[in-house]
There are 2 protein chains.
Amino acid sequence: MEISQIGEFGLIDRITQPLKPTNASTLVGVGDDCAVLGFDGSTRQLVTTDLLMEGIHFDLVYTPLRHLGYKAVMVNLSDVYAMNGTPRQITVSLGIDQRLQVEDIEELYAGMRLACERHGVDIVGGDTCASMTGLCISITCIGEALDADIVRRSGAKPTNLICCSGNLGAAYLGLQLLEREKAIYFQQIKERKITPDSPFQPEFSGREYLLERILKPEARRDVIMRLREAQLLPTSMMDISDGLSSELLHICKASGVGCRLYEERIPLDFQTAAAAEELNLNVSTCALNGGEDYELLFTLPLSCHEKALQLDDIKIIGHITEASEGTVMVARGGSEISLKAQGWALEKAPGAM
Amino acid sequence: MEISQIGEFGLIDRITQPLKPTNASTLVGVGDDCAVLGFDGSTRQLVTTDLLMEGIHFDLVYTPLRHLGYKAVMVNLSDVYAMNGTPRQITVSLGIDQRLQVEDIEELYAGMRLACERHGVDIVGGDTCASMTGLCISITCIGEALDADIVRRSGAKPTNLICCSGNLGAAYLGLQLLEREKAIYFQQIKERKITPDSPFQPEFSGREYLLERILKPEARRDVIMRLREAQLLPTSMMDISDGLSSELLHICKASGVGCRLYEERIPLDFQTAAAAEELNLNVSTCALNGGEDYELLFTLPLSCHEKALQLDDIKIIGHITEASEGTVMVARGGSEISLKAQGWALEKAPGAM
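Quick caveat, the model's predicted, so the values are computed rather than measured.

## Points about the relation of the copies chain A and chain B
Its rotation angle being 180 degrees, the transformation that places chain A on chain B also includes 0.0 Å of axial translation and leaves an RMSD of 0.0 Å. Such values leave the two copies arranged in the relation of a two-fold axis. Taking C-alpha positions as reference, the residue of chain A nearest the rotation axis is Gly41 of chain A, located at 1.9 Å.

## Some details on the domain arrangement of chain A
Residues and elements named next belong to chain A. Structurally, chain A comprises domain 1 (3–149) and domain 2 (153–175 + 209–338). Between the C-alpha centres of domain 1 and domain 2 the distance comes to 23 Å. Between domain 1 and domain 2, the residue contacts involve 26 residues of the former and 23 residues of the latter. Both sides together, the interface formed by domain 1 and domain 2 hides about 2,100 Å², and carbon and sulfur atoms give 51% of it. Taken as a group, Lys71, Tyr81 and Asn84 account for 26% of the area that domain 1 buries against domain 2, more than any other trio of residues on that side. Linking domain 1 to domain 2 there are three salt bridges. Between Asp32 and Arg153 there is a salt bridge whose closest N-O contact spans 3.5 Å.

## Notes on unusual backbone geometry
The phi angle at Glu292 of chain A is positive, at roughly 70 degrees, despite the residue not being glycine. By the element assignment, Glu292 of chain A lies in the loop between helix 9 (283–289) and strand 10 (295–300). For Thr159 of chain B, which is not a glycine, the phi torsion comes out positive at approximately 80 degrees. As for its placement among the helices and strands, Thr159 of chain B is situated in the loop between strand 6 (136–146) and strand 7 (161–165).

## Some thoughts on the packing of aromatic side chains
Across all of its chains, the model carries two aromatic pairs over all chains by this definition. Over the aromatic face of Tyr70 of chain A sits the side chain of Lys216 of chain A, whose NZ or CZ is 4.3 Å from the ring centroid. For Arg265 of chain B, the ring lying beneath its charged end belongs to Tyr262 of chain B, and the centroid distance is 4.7 Å.

## Notes on the packing of helix 4 (residues 170–190) of chain B against helix 5 (residues 208–215) of chain B
Residues and elements named next belong to chain B. Two elements in contact, helix 4 and helix 5, have axes separated by 7 Å at closest approach and are oriented at 100 degrees. Taken together, the axes of helix 4 and helix 5 are roughly perpendicular relative to one another. Residue-level inspection shows Ala170, Ala171, Leu173, Gly174, Leu175, Leu177 and Leu178 of helix 4 in contact with helix 5, the latter providing Tyr209, Leu210, Leu211, Arg213, Ile214 and Leu215. Of the residues contributing to the contact of helix 4 with helix 5, the split by class is eleven nonpolar, one polar and one charged.

## Brief notes about the pattern of salt bridges
Residue and element names in this part refer to chain A. Within this structure, the stated rule accounts for 44 salt bridges over all chains. A salt bridge links Arg66 to Glu107, with the nearest nitrogen and oxygen atoms 2.8 Å apart. Of the two residues, Arg66 is situated in helix 2 (residues 65–81) and Glu107 in helix 3 (residues 102–119); the sequence distance between them amounts to 41 residues. Given the relative accessible area of 31%, Glu107 is considered partly exposed. Among the salt bridges present, the one from Glu336 reaches Arg260, with a minimum N-O distance of 2.7 Å. You can see Glu336 sitting in strand 13 (residues 336–338) and its partner Arg260 sitting in strand 9 (residues 257–262), a full 76 residues away along the chain. The class of Arg260 is partly exposed, set by a relative accessible area of 24%.

## Observations regarding the interface of chain A and chain B
Across the contact, 72 residues belong to chain A and 72 residues belong to chain B. In total, about 6,200 Å² of surface goes out of reach between chain A and chain B, with carbon and sulfur atoms giving 60% of it. When the buried surface of chain A facing chain B is broken down by residue, Ile15, Phe39 and Val102 of chain A rank first, second and third, together holding 10% of it. At the junction of chain A and chain B, the tally comes to two salt bridges. Linking Glu106 of chain A and Arg14 of chain B is a salt bridge whose minimum nitrogen-to-oxygen distance equals 2.5 Å. Run the count over chain A and chain B and you get 34 residue pairs in polar contact (both at pLDDT 80 or more). Listed by contribution, the elements that provide at least two residues to the side of chain A that touches chain B are helix 1 (3–16), strand 2 (35–38), strand 3 (43–53), strand 4 (86–96), helix 3, strand 5 (122–130) and strand 6 (136–146) of chain A. Per-element tally for the side of chain A that touches chain B: the top contributor is strand 5 of chain A, with nine residues. Grouping the amino acids of the side of chain A that touches chain B by side-chain chemistry returns 32 nonpolar, 26 polar and 14 charged.

## Observations concerning helix 7 (residues 244–255) of chain A
All names here are of chain A. For helix 7, with twelve residues, the first-to-last C-alpha span of 16 Å sits near the 16 Å given by 1.5 Å per residue. Residues of helix 7 that are buried: Leu244, Ser245, Ser246, Glu247, Leu248, Leu249, Ile251, Cys252 and Ser255. Positive phi shows up at Gly256, right after helix 7, with a value of about 65 degrees.

## Quick look at the sheet that holds strand 13 of chain A
All names here are of chain A. One open sheet accounts for seven strands, arranged 8-10-7-11-9-12-13; its pairing is mixed. The open sheet is flanked by strand 8 (236–240) and strand 13, the only strands paired with a single partner. Strand-to-strand twist across the sheet, computed as the mean angle between neighbouring axes with direction ignored, equals 25 degrees. Inspection of the sheet shows strand 9 paired to strand 11 (residues 314–322) by five bridges, in the antiparallel sense.

What counts, and at which threshold
Residues numbered from 1 in each chain as written. Chains lettered and ligands numbered in written order. Predicted model: local features only at pLDDT ≥ 70, side-chain atom pairs only at ≥ 80, totals over all residues. Heavy atoms only, no water. Least-squares fit on C-alpha atoms with pLDDT ≥ 70 in both. Domains from an automatic or database assignment. Contact = heavy atoms within 4.5 Å. Buried area = accessible area lost by both parts, 1.4 Å probe. Salt bridge = Lys/Arg side-chain N within 4 Å of Asp/Glu carboxyl O. Helix = DSSP H or I, 4+ residues; strand = E, 2+ residues; numbered from the N terminus. Phe/Tyr/Trp six-rings, centres within 6.5 Å; stacked < 30°, edge-to-face > 60°. Lys NZ or Arg CZ within 6 Å of the ring centre and 35° of its normal. Axes fitted to C-alpha atoms, helices over the stretch in contact; angles between N-to-C directions. Parallel < 35°, antiparallel > 145°, perpendicular 65-115°, else oblique. Nonpolar A, V, L, I, M, F, W, Y, C, P; charged D, E, K, R; others polar. Buried < 20%, exposed > 50% of the residue type's maximum accessible area, 1.4 Å probe, protein only. Polar contact = N/O pair within 3.5 Å; in protein donor to acceptor, adjacent residues only side chain to side chain. Expected span 1.5 Å × (residues − 1). Pairing = 2+ DSSP bridges.

See the structure below:
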């Protein structure tokens, strides 16, 4: 059977279904942003891992290695924050092909170290080996949290408010711009208007924010801190890496609930809207299915409504319903659309992480 | 600068040198078989990770996927045992290329699950993505140990006995046989004596043990258990993955000592010696530099000599000296040879893990 027939999530279901934890220290196994381990102390360990492959998750034509290192760490930290934990350690494994030089790996590491310094994380180990075909980065992050503070995907309840940090779709549009300029660059080389050595000026003016969102995302520790200061504990949470639609469906499935999302409330940056217009893309589709936002999606009890409204850079975008009411988006015109997952899965576009 | 100019260890030194842990929970960072973490309990967490790339670490022409899954787990467990810990959890990340089908990944996972079941380990998470170019497996293992039980590389003292479990060089010779038969197979196809679909009978009779050592190694939990039963706590320990010579030098460097290794005491299986003869290889060189043995190398106080002699499947192969006496192997004829590391590094042969 081809993997494309069942997709990434189908494959994961199939291979993880027989996995039943046997150790008392395995509190949560496969199926959330992190696994949760508990040994003899009251602190829990949160464990998450990501594998990034050149040609699938990043394109070195337009990705500076320092940014790539920074991002590779951030996507892991984001998973720890999404459990309301504090990241502490990472291990870094690199598969390196011959094209890369010592200085390249130092650049990559400089980005990783910067990300770690900013978030108080230690690089504690790893593995380095050759690769036949492109750069491969595997990072595992270990965080900590007290039991009572851990937020899982499964705690959303009907009437809960659905909240989202920052804005969505920007990274996806940044990627489209990078891909467009890359295509122009190679076209000009093909037509011999430029040589690979000549300077090439890509057209990104006014779109710097979108490039930053795709090339150098920031895990939302600030949001976690703000929630703690406001003494708000989400009932469920995850980070938005595969697109709002896919993540909201994960929360609904894990919590056994439905949802009602309002299209007009999905937070968008002005540049995102302008670039979508320019590229003739539907901006809501970009926000729903684009992915790579690394914002936080969470639910709060309805009683927290006043407090939630005052949270900086957080928007209430809908509410949780009974499962029987389905997973619905209320479109701008008022019509109701059934939400569908369009995660990037195994066929994801080059450049997506 | 080309990475080959400074080698794998040179590169690792360069990128990990600026890493200073900042978290109180990071007890041991880069530089041993595992990192050691300590949160609020008395149990320590041991963390190790390995990255396996197709074409570098394994060759699917002769590696059954079930065996590969089993081995990919074992190499991680071996690192936890080498710290005298108990492995508890692993995460598994896979980069999968289009050639592989759902059933292939299930086979790989079946091997991983078998390894986990035998060692009481839970698979708690991971990542699955596409790969442009071959299978990529990244596993991180978390183990546990009490502080007083953890054995590092750095505790060897002059007069300590150098001990080694099992026997060495078998995996390396198994690999040579697999590569020989693979070459014959492709030669016969090239000469049109067979087609890729015809049955091919490789010549391995009497060498099954060597194939098992390369394709399905076993992490030496039994040795750890035997040491505990005998109430023997090694002063230093590591697993032999890059070859006895390289590992012994690691222990000497980390401990600030020298060593005296006796060639005639290096444990060899009969099949290893016979295959080396057949392939016209020096069997000691295979044992010293071959790698992939996944045996345990450890040091014990001289006072444990009697007890050590009684340990099943453990051999005393030399002793630790003052650093000033150097790292020496006493050859069969009595001449003294300076030990040199010949780890597999970034240029390692296909098939080596």
